[in-house]
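A closer look at the structure
In case you want the letters, here they are:
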Amino acid sequence: MDYSQFLVMKQEIGLLVVFLLVFLYDTFMSKRALNSIQGISIILFGLLTVCGFCCAAPSGVQTAFAGMYETSPVIACIKNILNVGVLIVLVQSITWNNSENQVVRRGEFLELILVTLFGMYLMISARHFLLFIIGLEAASLPLAALVAFEKNKYESHEAAIKYILTAVFSSAIFMMGLSYIYMLSGSLYFGDIAASVATQQVSALLIVALAFVIAGVGFKLSLVPFHLWTADVYQGAPTSVTSYLSVISKGSAAFAFLVILTQVFGAVYSQVWEWMLYALIILTITVGNLFALRQTNMKRFLAFSSISQAGYIMLGIVGNNAMGMASLMFYILVYIFSNLAAFGVIQSIENATGKLDMTDYRGLYKSNPKLSFVMMLAMFSLAGIPPFAGFFSKFFIFAGALNGTTSVALYVLVLIALINTIISLFYYLLVVKAMFLSSDEPVIPTFKSSCSERIAMWITVAGIIALGLVSCFYNEILLLCR
């Protein structure tokens, strides 16, 4: 075996180095020195993120381990986008992690986050289903521990049980589909399967196999009808973990889903999975929006919002071209800033008052105008109101889906998505109405957010505004994908 192949995995090796340094610091340093573990971890991970943008991107497509692993400038950019989200989550979680109940488990939280991210890296770079499964499980199992992190709360235990059972069943369904695919093609390499599928007639076994694969990944993405775990897990998990689940886990699964559908089953797109994907997108966007209208708990509200957003993300896969890929990457980057801005406000209020109900946000502008401003920007961006970043992410995702097509069905699909955007605008503005237009006296008293919470919120606000006003971000991504 040529160990120089590991040098291709620059980002994975860098992440493992960060993990080992954090683990050793957490294990061997004194209790007093452990007060600095979060700052050190954020600095190390920040350096990894900067290096990822500056020097880790390969000059072309590189492979390792007989083609099981692949990296390229696009893949490196995808991992860097996830890194940005994780960095914001780490900053947001400082106050919660320093709380009385969590202070003894600060190191474990950081280590589990880094392990799950390593699994997501493998999912994105995998070009063999064995490596993909390893990445999938490395990303899923530590997340169950993170969901149950607040061990003194019953809701956290319940959420962890629901998450682990869902993860187990979704993995079983996914691997059942893989067994059928292996029976049809005799290989688990993405390229070999694609070549085999292209030369065969479409069979019932292939349709069933692909349905199982889509269902297995659909659980990770919270696509309808595989979404039933999402609201309960988001509500029961610690808010820092919920924000991580909503953007990083969903983003990595979306990228992996894109690779599987386009590179492995692209030859049978129109015959097999085009209509499956259309149905999933319509159901996901519509059901997510309709259930979001009924929510009063802010974390459940954002859970169904994230389900709906997953449907929009899938439109980037429908395009199956460079513009679709660029739109998907840009959408997830914008979604990271917008959703983490909302979760930053929710976490700040929860840490200070313990309140999570939407009715508690009535009159928030009178007592906490800056928090209200951040939440308003987040809601406007998620709803797609110009000139904020969310408007352009939706515009590009629709344009990417329709690029070069003459399909009437695809135009109908985008029209349904546009109509659902109007529905989503209504429930996002309910939060803004409660904060700014309610005549009630504020339920949440005036308080000052911690320094780390303010830093994280201003980073997200800067991202929402900058990605909406500076077009070069999308242009650079599009050039990278061509």
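Residues numbered from 1 in each chain as written. Predicted model: local features only at pLDDT ≥ 70, side-chain atom pairs only at ≥ 80, totals over all residues. Heavy atoms only, no water.

Points about the overall build of the protein chain
- In terms of regular secondary structure, the protein chain is built from 20 helices and two strands.
- Overall size of the protein chain, expressed as C-alpha extent along the three principal axes, is 70 × 55 × 45 Å.
- Looking at the 482 residues of the protein chain, the share that counts as buried comes to 59%.
- Partitioning the contacts of the protein chain with sequence separation of at least 6, the portion at a separation of at least 24 is 79%.
- Just so you have it, the protein chain exposes about 18500 Å², and 69% of that area is on carbon and sulfur atoms. (Helix = DSSP H or I, 4+ residues; strand = E, 2+ residues; numbered from the N terminus. Buried < 20%, exposed > 50% of the residue type's maximum accessible area, 1.4 Å probe, protein only. Contact = heavy atoms within 4.5 Å. Areas by Shrake-Rupley, 256 points an atom, 1.4 Å probe, with all protein chains shown as cover.)

Focus on the packing of aromatic side chains
- Evaluated as defined, the whole model comprises 22 aromatic pairs.
- Pairwise contacts between aromatic rings join Phe129, Phe132, Phe174 and Phe190 into one cluster.
- Note that Arg105 overlies the ring of Phe149, its terminal NZ or CZ placed 5.6 Å from the centroid.
- Between Lys394 and the ring centre of Tyr312, over which it is positioned, the NZ or CZ distance is 4.9 Å. (Phe/Tyr/Trp six-rings, centres within 6.5 Å; stacked < 30°, edge-to-face > 60°. Lys NZ or Arg CZ within 6 Å of the ring centre and 35° of its normal.)

Re the pattern of salt bridges
- A full pass over the atoms with the stated rule returns five salt bridges.
- With its nearest N and O atoms 2.5 Å apart, the salt bridge here joins Lys79 to Glu12. Taken together, the residues Lys79 in helix α3 (residues 73–92) and Glu12 in helix α1 (residues 10–28) connect sequence positions 67 residues apart.
- With a shortest N-O distance of 2.8 Å, Arg300 and Asp232 are connected by a salt bridge. Taken together, the positions of Arg300 in helix α13 (residues 298–319) and Asp232 in helix α10 (residues 230–236) put the pair 68 residues apart, joining distant regions of the chain.
- Counted as one network, the salt bridges with shared partners bring together Glu158, Lys162, Asp232 and Arg300. (Salt bridge = Lys/Arg side-chain N within 4 Å of Asp/Glu carboxyl O.)

Section: the packing of α1 against helix α5 (residues 106–125)
- Contact pair α1 / α5: the axes reach a minimum separation of 10 Å and the direction vectors enclose 165°. The pairing of α1 with α5 is recorded here as roughly antiparallel in orientation. Crossing of α1 against α5: the hand is left-handed. For the pair α1 and α5, the contacting residues are Gln11, Glu12, Leu15, Leu16, Val18, Phe19, Val22, Phe23 and Asp26 in the first and Gly107, Glu108, Leu110, Glu111, Leu114, Val115, Leu117, Phe118, Tyr121, Leu122 and Ser125 in the second.
- Here the residues of the contact of α1 with α5 sort into 13 nonpolar, three polar and four charged. (Axes fitted to C-alpha atoms, helices over the stretch in contact; angles between N-to-C directions. Parallel < 35°, antiparallel > 145°, perpendicular 65-115°, else oblique. Left-handed = near helix turned anticlockwise from the far one by under 90°. Nonpolar A, V, L, I, M, F, W, Y, C, P; charged D, E, K, R; others polar.)

Regarding the environment of Val50
- Relative to the elements of secondary structure, Val50 occurs in helix α2 (residues 37–54).
- Among the residues examined, Val50 registers a relative accessible area of 49% and is labelled partly exposed.
- Between the alpha carbons of Val50 and Asn83 there is a distance of 9.4 Å; along the sequence they are 33 residues apart.

Notes on unusual backbone geometry
- Cis geometry is adopted by the peptide bond preceding Pro225, which originates at Val224 and carries an omega value of 10°.
- The omega torsion of the bond from Pro386 to Pro387 falls at 5°, within 30 degrees of zero and hence cis.
- Topologically, Pro387 is positioned in the loop between α16 (369–383) and α17 (389–402).
- Residue Phe65 is not a glycine yet carries a positive backbone phi of 55°.
- The phi torsion at Ser222 lies on the positive side, around 65°, for a residue other than glycine.
- Summarising the element assignment, Ser222 is placed in the loop between α9 (204–221) and α10.

Topic: a nonpolar patch on the surface
- Together, Tyr3, Phe6, Ile13, Val17 and Leu21 make up an exposed nonpolar region whose accessible area comes to about 460 Å².
- A relative accessible area of 60% means that Tyr3 is categorised as exposed. (Patch = residues over 30% accessible without salt bridge, like charges linked within 9 Å, V, L, I, M, F, W, Y side chains within 5 Å.)

Points about the environment of Val414
- The topology assignment puts Val414 in helix α18 (residues 408–436).
- With 133 residues separating them in the primary sequence, Val414 and Ile281 have C-alpha atoms 9.8 Å apart.
- Look past the residues within four positions of Val414 in its chain and what remains in contact with it is Phe398, Ala401 and Leu402.

What about α1?
- The end-to-end C-alpha separation of α1 is 27 Å, in line with the 27 Å expected for 19 residues at 1.5 Å each.
- Listing the buried residues of α1 in full gives Gln11, Glu12, Gly14, Leu15, Val18, Val22, Tyr25 and Asp26. Across the axial projection of α1, the buried residues extend over an arc of 165°, all falling on one side.
- Contacts from the buried residues of α1 go to α2, β2 (69–71), α3 and α5. (Expected span 1.5 Å × (residues − 1). Arc of directions from axis to C-beta.)

Let's talk about the packing of helix α12 (residues 269–292) against α18
- As a packed pair, α12 and α18 sit with axes 9 Å apart at the nearest point and diverge in direction by 15°. Of the possible angle classes, the one that applies to α12 and α18 is roughly parallel. Taken as a pair, α12 and α18 cross one another with a handedness that is left-handed. Between α12 and α18, the contacting residues are Trp275, Tyr278, Ile281, Ile282, Ile285, Thr286, Asn289 and Ala292 on the first element and Ala409, Leu410, Leu413, Ile416, Ala417, Asn420, Ile423, Ser424 and Tyr427 on the second.

Some thoughts on the side chain of Gln38
- By the secondary structure assignment, Gln38 is in helix α2.
- Using a relative accessible area of 4% as the deciding quantity, one classes Gln38 as buried.
- Among the polar contacts made by the side chain of Gln38, one reaches the side chain of Asn98 at a distance of 2.9 Å.
- Apart from the residues lying within four places of it in its own chain, the contact partners of Gln38 are Ser93, Ile94, Asn97, Asn98, Arg106 and Leu110. (Polar contact = N/O pair within 3.5 Å; in protein donor to acceptor, adjacent residues only side chain to side chain.)

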